[in-house]
Amino acid sequence: MPDSTLPIPTDRPRRLRRTPALRALTREVTLAPAHLIHPMFVHEEAFDTPIASMPGVSRHSLDSAVAKAGEALALGIRSVILFGIPAHKDALGTQAYADEGIIQRAARAIKAAHPDLTVIADTCLCEYTDHGHCGPLCEIQGGEWTVDNDPSLELLAQTAVSQARAGADIVAPSAMMDGQVGAIRAALDAAGFSHVPVMSYAVKYASAYYGPFRDAAGSTPSVGDRATYQMDPAGGYREALREAKLDVAQGADYLMVKPALAYLDVIKLLRDNFDLPLVTYNVSGEYALIKAAAQLGFMDERRTVLETLTGMRRAGADAIITYHALDAARWLAGG
């Protein structure tokens, strides 16, 4: 028997959670396929190659990339982001800004087949250099090697212009070089591409969650690491705000936080301080963790993925780059 002396609650939040319809009526956060950006790896082979550390993800041939982009569009996903794996790599990453580079060819082919799809080109050099860093290297005191910042700006600007010329709707610089957004904006404007937006990887951390991506793209650094140019995970809010403010001042059209799961507070920080559209990247390691747990039967993949993506939206992300995009779109449609 209940204790009649206990106070009876007058405010009962459970009333609004009693049925699925009642819960849907009061939801504050929405998640739809249009919020998702599908990332694709494109290589110069005539066949697809599965990526062992990212179950369900492959390096695509050009034909396969066009077909996969069409599949994304049919599911209501309006944007894809392209990462290239060239047949040839060198110290300067010359295939990143070659007019017949793999991303340039892929952008042209996808836009020709699916003109309504937004094609975003990742603008970096790490997939194209033989040392795996995001720009040419220089030696500093004590035999230490680092990325030479200012020469990298020129190459990143050339890459962005080449990608825009190939039909990319958005360029997305991810190298974390000081001044990269300003250099790219100036180069795009000078080349007649003032209409092409810059999606800045403004707040990008030197994260362990990138491991599977480096396997996929063959971009693991051969010397040193990226901690001298990507952000310290313990750097705090002031550094994140400083990086974002610099990119806004240089002409960024979108801001991005990468990775997502360990940095939901940083997504919220940028949402509260900037009016630009905000993107987050649900990166390869985050994807692989859920996939591995689901394959072992430890977690319900569908529920976990949708809850995770909803959390990123709740933190303030307008759009999410995620390898779960195709599955999530099917699930959201009831498939």
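The structure this text deals with has already been given above.
Residues numbered from 1 in each chain as written. Predicted model: local features only at pLDDT ≥ 70, side-chain atom pairs only at ≥ 80, totals over all residues. Heavy atoms only, no water.

1. Quick look at the packing of aromatic side chains
Then, in step 1: Under the definition given, this model contains nine aromatic pairs.
Then, in step 2: An aromatic cluster is present here, built from F41, F83, Y201, F213, Y281, Y287 and Y323 joined pairwise through their rings.
Then, in step 3: Across from the ring centre of Y210, 4.8 Å away, lies the NZ or CZ of K258, which sits over that ring.
Then, in step 4: The ring of F213 has K258 sitting right over it, with the charged end atom 5.5 Å from the ring centre. (Phe/Tyr/Trp six-rings, centres within 6.5 Å; stacked < 30°, edge-to-face > 60°. Lys NZ or Arg CZ within 6 Å of the ring centre and 35° of its normal.)

2. Side note on the packing of helix α7 (residues 237-249) against helix α8 (residues 264-273)
Then, in step 1: Between α7 and α8, the shortest axis-to-axis distance is 11 Å and the interhelical angle comes to 50 degrees. Taken as axis vectors, α7 and α8 run oblique relative to one another. Of the two elements, α7 crosses α8, and the hand of that crossing is right-handed. Seen from α7, the contacting residues are Y237, A240, L241 and A244; seen from α8, they are D265, V266, L269, L270 and N273.
Then, in step 2: Tallied by class, residues from the contact of α7 with α8 come to seven nonpolar, one polar and one charged. (Axes fitted to C-alpha atoms, helices over the stretch in contact; angles between N-to-C directions. Helix = DSSP H or I, 4+ residues; strand = E, 2+ residues; numbered from the N terminus. Parallel < 35°, antiparallel > 145°, perpendicular 65-115°, else oblique. Left-handed = near helix turned anticlockwise from the far one by under 90°. Contact = heavy atoms within 4.5 Å. Nonpolar A, V, L, I, M, F, W, Y, C, P; charged D, E, K, R; others polar.)

3. Some thoughts on the environment of R226
Then, in step 1: When you line up the elements, R226 lands in the loop between α6 (211-217) and α7.
Then, in step 2: We classify R226 as buried; its relative accessible area is 5%.
Then, in step 3: For the pair formed by R226 and T129, sequence separation is 97 residues and the distance between their alpha carbons is 14 Å. (Buried < 20%, exposed > 50% of the residue type's maximum accessible area, 1.4 Å probe, protein only.)

4. A short note on the environment of D215
Then, in step 1: Following the sequence through the fold, D215 ends up in helix α6.
Then, in step 2: Overall, D215 belongs to the partly exposed group, its relative accessible area being 39%.
Then, in step 3: For the pair D215 and I51, spaced 164 residues apart in sequence, the C-alpha separation works out to 7.8 Å.
Then, in step 4: Discounting residues that sit within four places of it in the chain, D215 has contacts with I51, S53 and R59.

5. Some points on the packing of helix α9 (residues 284-295) against helix α10 (residues 301-315)
Then, in step 1: The geometry of α9 relative to α10 is characterised by a closest axis approach of 10 Å and an angle of 155 degrees between their N-to-C directions. Accordingly, the angle class assigned to the pair α9 and α10 is roughly antiparallel. Considering how the two elements wind past one another, α9 and α10 form a crossing that is right-handed. Contacts from E286, I290, K291 and A294 in α9 reach E301, T304, V305, T308 and M312 in α10.
Then, in step 2: Tallied by class, residues from the contact of α9 with α10 come to four nonpolar, two polar and three charged.

6. Structural notes on a positive patch on the surface
Then, in step 1: Where like charges cluster on the molecular surface, the positive patch consists of R12, R14, R15 and R17.
Then, in step 2: Here R14 falls in the exposed class, since its relative accessible area comes to 67%. (Patch = residues over 30% accessible without salt bridge, like charges linked within 9 Å, V, L, I, M, F, W, Y side chains within 5 Å. Areas by Shrake-Rupley, 256 points an atom, 1.4 Å probe, with all protein chains shown as cover. Salt bridge = Lys/Arg side-chain N within 4 Å of Asp/Glu carboxyl O. Lys, Arg positive; Asp, Glu negative; His and termini not counted. Charge placed at Lys NZ, Arg CZ, Asp CG, Glu CD.)

7. Things to note about the nonpolar core
Then, in step 1: Counting 77 residues, the largest nonpolar core has L82, I110, L188, V203 and L270 as the members making the most contacts within it.
Then, in step 2: It is helix α4 (residues 149-165) that provides the largest number of residues to this core, a total of six residues.
Then, in step 3: F41, I51, M54 and F83 belong to the second largest nonpolar core, which has 24 residues in total. (Core = buried A, V, L, I, M, F, W, Y, C linked by side-chain atoms within 4.5 Å.)

8. Describing unusual backbone geometry
Then, in step 1: A cis geometry characterises the amide bond from K258 onward to P259, with omega recorded as -5 degrees.
Then, in step 2: Relative to the assigned elements, P259 resides in the loop between β10 (254-258) and α8.
Then, in step 3: With a phi close to 60 degrees, M176 is a non-glycine residue in the positive phi region.
Then, in step 4: Position of M176 among the secondary structure elements: in the loop between β8 (170-173) and α5 (180-190).

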